[in-house]
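# Examination of the molecular architecture
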Amino acid sequence: MKAFITLVMGFLISVGASANDFAAAIGFRSNSADIAIPNATGVSVKSKTGFGGGVLGFFDMTQSIQMRTGLLYNQRDVKIDDGVTDYDMNAGYVDIPVTANFKFADYAGFFAGPVLALLAQKDNKLGNSKDPEAMSVAFQLGASFKFAPQLGAELFYEVMPSEYWDKTLKNLKTVGANLLITFE
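Here the structure is a predicted model, which is why all the values come from computation and not from measurement.

Criteria and thresholds
- Residues numbered from 1 in each chain as written.
- Predicted model: local features only at pLDDT ≥ 70, side-chain atom pairs only at ≥ 80, totals over all residues.
- Heavy atoms only, no water.
- Pairing = 2+ DSSP bridges.
- Helix = DSSP H or I, 4+ residues; strand = E, 2+ residues; numbered from the N terminus.
- Core = buried A, V, L, I, M, F, W, Y, C linked by side-chain atoms within 4.5 Å.
- Buried < 20%, exposed > 50% of the residue type's maximum accessible area, 1.4 Å probe, protein only.
- Salt bridge = Lys/Arg side-chain N within 4 Å of Asp/Glu carboxyl O.

## Details of the pairing of strand 8 (residues 151–165)
Alignment of strand 7 (residues 135–148) against strand 8, held across nine bridges, turns out to be antiparallel. Opposite Gly142, over in strand 8, you have Phe156 as the bridge partner. Count of turn residues in the strand 7/strand 8 antiparallel hairpin: two residues. As paired strands, strand 8 and strand 9 (residues 169–183) are joined by twelve bridges and run antiparallel to one another. Looking at the pairing, Leu151 lines up with Ile181 of strand 9. What sits between the antiparallel neighbours strand 8 and strand 9 is a turn of three residues, in which Lys167 has the positive phi angle 60°.

Listed below in structure tokens is the structure:
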């Protein structure tokens, strides 16, 4: 983790990136996943809403391209329904996005790229399932805009295309929104 942050900061310094904006982010996310249990008949995954928050930095690379990175805490919770009972599968991750933000106007743009997710908290109500992955990579695609000089929002879609919860859940998908309070 320390090496990854050092690498990102070294890259930003080496290309002469300067911070354009910093933002406090708070938002919600609707998570869903596919079942990974072999031959699981009558078992389904229900979506669940989680919350998140943290800080983001936008570093100018060119006039219209920024690197969007930061440190966010996000809940990636779902429910497993076996036809009788719903089991909560709750996990909280510290996310480090390393996305490119393409500005097509001063107050609007879209972003895409990987997000490094590090497990911070877990709560497994299923009992016989193993733990979620300690470190995963998700891919994020979204749009950001400002509706006031220091107030903006992001809408995003994220997918974690792997086994998310060992031998239980895979292909975690998230749709979410963040409110941004920016500081220039």
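## With respect to the nonpolar core
Counting 15 residues, the largest nonpolar core has Val78, Met89, Met160, Tyr164, Trp165, Leu169 and Leu172 as the members making the most contacts within it. For this core, the secondary-structure elements that each account for two or more residues are strand 4 (78–81), strand 5 (86–105), strand 6 (108–124), strand 8 and strand 9. Counting six residues, the second largest nonpolar core, distinct from the first, contains Ala23, Leu56, Phe58 and Leu180.

## Brief notes about the pattern of salt bridges
Taken as a whole and assessed by the stated rule, the structure comprises ten salt bridges. One salt bridge connects Lys48 with Asp88, and the closest N-O pair in it is separated by 3.2 Å. One end of the pair, Lys48, is in strand 2 (residues 44–60); the other, Asp88, is in strand 5, with 40 residues separating them in the sequence. Across the pair Glu154 and Arg68 runs a salt bridge, and its minimum N-O distance is 2.9 Å. Here Arg68 lies in strand 3 (residues 65–75) and Glu154 lies in strand 8, a separation of 86 residues in the sequence. Residue Glu154 is classed as buried on the basis of its relative accessible area of 0%. Among the charged side chains, a network of salt bridges with common partners joins Arg29, Arg76, Asp95 and Glu158.

In short, shape yes, function no, at least from these values alone.
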